[in-house]
Amino acid sequence: MTSKPNGRQVTRAAVAAVAVATLLLAGCGEEFPPPPESGNTPGERYREEQRQQNEEALARAARSDRAQQRREGALRLRRERAADRAERATEEAEPEESEDCDSNYSGCVPVYPPDVNCEDVDGPVNVTGEDVHQLDREGDGEACEDP
Ligand SMILES: [Ca+2]
């Protein structure tokens, strides 16, 4: 049997609804968890971790950059000093050869150009690079072997 709700029943229902709504609203802060902060869902946690890792990596990189620059500076200085020492040692050991001998030959052949012939070369030499002076006509690697 159905009955049309009378005014009294409607009023009670409305009062009940308002009461429930009021309770829900009042209790909202306690009943529901606080709004999710970042890091609450797997995706957010992942992104947060990535962000922190990126920051840490950047910080590490910055520290490492500075350290690296100091190391490179020191290394450069040492290399320059070593190069200076080596250069001085070379100059003292072979003052003329280092600049006047062509690096394509193992003996001392004057630097090309100008082109030189075997008459200008002191003894047989070996071709270690390119025979720029064309001293080794057979191409066997030995030049000016026949005085
Ligand atoms: Ca030859």
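Up top is the structure these notes are about.
Here goes a summary of the coordinates provided. Treat the numbers as computed from the prediction; the structure is a model and nothing was measured. (Residues numbered from 1 in each chain as written. Predicted model: local features only at pLDDT ≥ 70, side-chain atom pairs only at ≥ 80, totals over all residues.)

### Thoughts on the overall build of the protein
- Regarding its fold elements, the protein presents three helices and two strands.
- Walking the protein from its N terminus toward its C terminus, one meets helices and strands in the order α-α-α-β-β.
- When burial is assessed residue by residue, the protein has 6% of its 147 residues classed as buried. (Helix = DSSP H or I, 4+ residues; strand = E, 2+ residues; numbered from the N terminus. Buried ≥ 20, exposed ≤ 12 C-beta atoms within 10 Å, placed from the backbone.)

### A word on the nonpolar core
- By size, the foremost hydrophobic cluster in this structure holds seven residues: Y105, V109, V125, V127, L135, A143 and C144.
- Discounting chain neighbours no more than four positions away, the residues touching Y105 are V125, N126, V127 and T128. (Core = buried A, V, L, I, M, F, W, Y, C linked by C-beta atoms within 7 Å. Contact = placed C-beta atoms within 7 Å.)

### A short note on the environment of G123
- With respect to the helices and strands, G123 occurs in the loop between helix 3 (97-100) and strand 1 (125-126).
- According to the C-beta neighbour criterion, G123 is exposed, with 10 such atoms within 10 Å.
- Along the primary structure G123 and E145 are separated by 22 residues, whereas in three dimensions their C-alpha atoms are 7.4 Å apart.
- Apart from residues lying up to four places away in sequence, G123 is in contact with G107 and C144.

### As for unusual backbone geometry
- For the peptide bond that leads from Y112 to P113, omega is -10°, which places it in the cis range.
- Examined against the element boundaries, P113 turns out to sit in the loop between helix 3 and strand 1.
- With omega at 0°, the peptide bond leading from P113 into P114 counts as cis.
- For P114, the location among the structural elements is in the loop between helix 3 and strand 1.
- A positive phi angle, near 55°, is found at Q134, a position not held by glycine.
- Its place among the elements puts Q134 in the loop between strand 1 and strand 2 (142-143).
- A positive phi angle, close to 55°, is found at C144, a residue other than glycine.

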